[in-house]
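Here's the letter readout for the chains.
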Amino acid sequence: MKPMTDGVDLTLFGVMTAVFIVVTLLLGWYGYKNTSDNQEFLLGRNKTGPLIIALSYGATFLSASAVIGFGGQTAVHGMSLMWLCFLNLFAGLAVAFLIFGKRTRRLGSKLGAATFADLLGKAYNSTSIRTFTVILILVMMPIYTAAVLKGGVNSLAVITGLTDYYNYILIGLSLVVAVYVVYGGIIAVMYNDALQAGIMFIGMLVILLVTWSYTGGITAGNEAMVDLWSQRMGDIGGLGVAPGFEGWTNSPSFGTTEWMTVVTTFIMGVGIGALTQPQLVVRYMSAKNDKDLNKSLMIGSIFILLVVGAAYTVGPLTNVYFFDQHGMLSFEYLSSMGLGTDFIIPQYILEVFSGITFGDVFVCLFLLSLICASISTISALMHTIGVAGGYDLYSVFKSKKTGVSKDYQSIKLNRLFIVIFMILVVVYCYVMPKDIIAKATSVFMGVTAAALLPAYFHCLYSKNPNKTAAIASIGVGTASYMLWALFMNAGTSVFLPICKLLTGSSVLMPGSVLAYTDPLIISLPLSILTMVIILLVQKKEPNMRNEELGCKE
Amino acid sequence: MSILGLTDPWVIGAYVGCILTVVFCVAYSILKGKDSDEGDEAND
């Protein structure tokens, strides 16, 4: 990949990054000093307030994928992707906190659960559900983590022109994350998230204001996009969109290929999937009480609206800028440079800030935001992976070996798992295909939602959760997601081309609307249906663990 | 009808939905965060 520009002040960026790393490591040290036992390493309950919970949730939720990956997609597909911002706020925050968060916190506290897998296992009194969730985390999450890491490092290396130092940036970022997660546990992760969220917030606010200033205001910017589309006379050639695209300020025509891609893959796939993210569920359980969760809603919603809303509003407006400056639309311009949609936002930032006062500072602030967005997500994922191995898997293994079913705590083992998997993630970065961020995000969120969302909801709202229904729902959700992803969906089948090996075609029905339908749209209803049918057939199945605990809800 | 240069009701709806959700979250946070003690440790 060629460097995008030599316009970045590397000295200034180096100084800002060095200061940031020092503060990050200091917060890691703070976490280390405040982590006296394994429970504090896992949850840090009573050590975090609503501000930290809100910013940590927001920063973990929004990786670099949200800013540059999906921001670039809005430059191509237009403002209809603002529905994803709405779903991030509505499903990913309001519903997540009010419908799932409070009950998760209360049930987790009642059952003594410290992780998502632990919660599901204890709620259903099922080692197999806990083990399955752990396996899902240990198999899928490192791939997602690697996609986030690789995306962040790729962008950083290309934007700064430091492509020759790709390996050093990759290893350096991984080391910083590993050090503060290994030693500081969840406390360091959450405090660092809050710092990183603050940087992201300022960075995106500046970018939004500068963009509106360039276009001459909100209305003028939107009208310029309408004019650009009028000039195209409906010609979508070279725009990177499918038939059904109606311009950047309009939603695509219902039922078309473009509509299926935008609505089922980008909007619903990612929006709904956020509800069952193991790394986010832990944020609810770390709250002291419901009041803290209520308070954190305000800060979290403003943060997500600003960061995601700014990225998705600026994305389409980049077309106006690039057309003014180069006579080409965003996708055309970046394609002419040999770069993909992931680089539309970074290239725009570099160019738009090049002629303004303190432009260098803002470019460096954006680059720092990019690092923050990446490592806030990576650190949360690495912590989740580490405790899935060092706490959940270890407890399952020891319980089986000793015959005594209980939780086994080993802070050293958690740390060991984090180190081992961090190395694995770095290895993945070298073997994974390019331009994988948005797809890997969608697949990880999709498969966890299809497999676990009905079972998670059921255990929170049922007085007597039905284990058989949960296992069947998990099985059907996972199997149907995998089958659709491997044999039907054109976007996901490229990951593991089994269909091509068996049939010679990449998917079973190429060219049809089904090839652009996200697996989650099929598998989640099947998973829910399975649970409902079994619940209706088996009215009541005793759950020994809840009876022992006198757990009503 | 044009609002800030936008005419597509779905796009306008997405922005309105975002703003209303934030307004709801802020209001809920202020009202419930002040006096709510539902589900505190005492109840667990």
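The rules behind each value
Residues numbered from 1 in each chain as written. Chains lettered and ligands numbered in written order. Predicted model: local features only at pLDDT ≥ 70, side-chain atom pairs only at ≥ 80, totals over all residues. Helix = DSSP H or I, 4+ residues; strand = E, 2+ residues; numbered from the N terminus. Buried ≥ 20, exposed ≤ 12 C-beta atoms within 10 Å, placed from the backbone. pLDDT = per-residue confidence, 0-100. Contact = placed C-beta atoms within 7 Å. Axes fitted to C-alpha atoms, helices over the stretch in contact; angles between N-to-C directions. Parallel < 35°, antiparallel > 145°, perpendicular 65-115°, else oblique. Left-handed = near helix turned anticlockwise from the far one by under 90°. Nonpolar A, V, L, I, M, F, W, Y, C, P; charged D, E, K, R; others polar.

### A few points about the overall build of chain B
When you go through chain B residue by residue, the secondary structure sums to one helix and zero strands. Within chain B, buried positions represent 20% of all 44 residues.

### Quick notes on the confidence of the model for chain B
Residue and element names in this part refer to chain B. Of all residues in chain B, 77% have pLDDT values of 70 or greater, and the mean over the chain is 81. Counting contacts from residues 39-44, a segment whose pLDDT is below 50, to residues more than four positions away or on other chains yields nine contacts. The complex model carries a pTM of 0.84, and its ipTM stands at 0.86.

### So, the interface of chain A and chain B
Across the contact, 33 residues belong to chain A and 27 residues belong to chain B. Every element with two or more residues in the side of chain A that touches chain B is listed here: helix H5 (82-111), helix H9 (218-232) and helix H12 (290-326) of chain A. No other element matches the 12 residues that H5 of chain A contributes to the side of chain A that touches chain B.

### Describing the packing of helix H18 (residues 467-487) of chain A against helix H20 (residues 519-537) of chain A
Residues and elements named next belong to chain A. In the contact formed by H18 and H20, the axes pass within 8 Å of each other and the chain directions differ by 160 degrees. On the basis of their axis angle, the class for H18 and H20 is roughly antiparallel. In this structure, H18 meets H20 at a crossing whose hand is right-handed. Where H18 abuts H20, its residues Thr468, Ala469, Ala472, Ser473, Val476, Gly477, Ser480, Tyr481, Trp484 and Ala485 lie against Pro519, Leu520, Ile522, Ser523, Leu524, Leu526, Ser527, Thr530, Met531, Ile534 and Leu535. Classifying every residue of the contact of H18 with H20 gives 14 nonpolar, seven polar and no charged.

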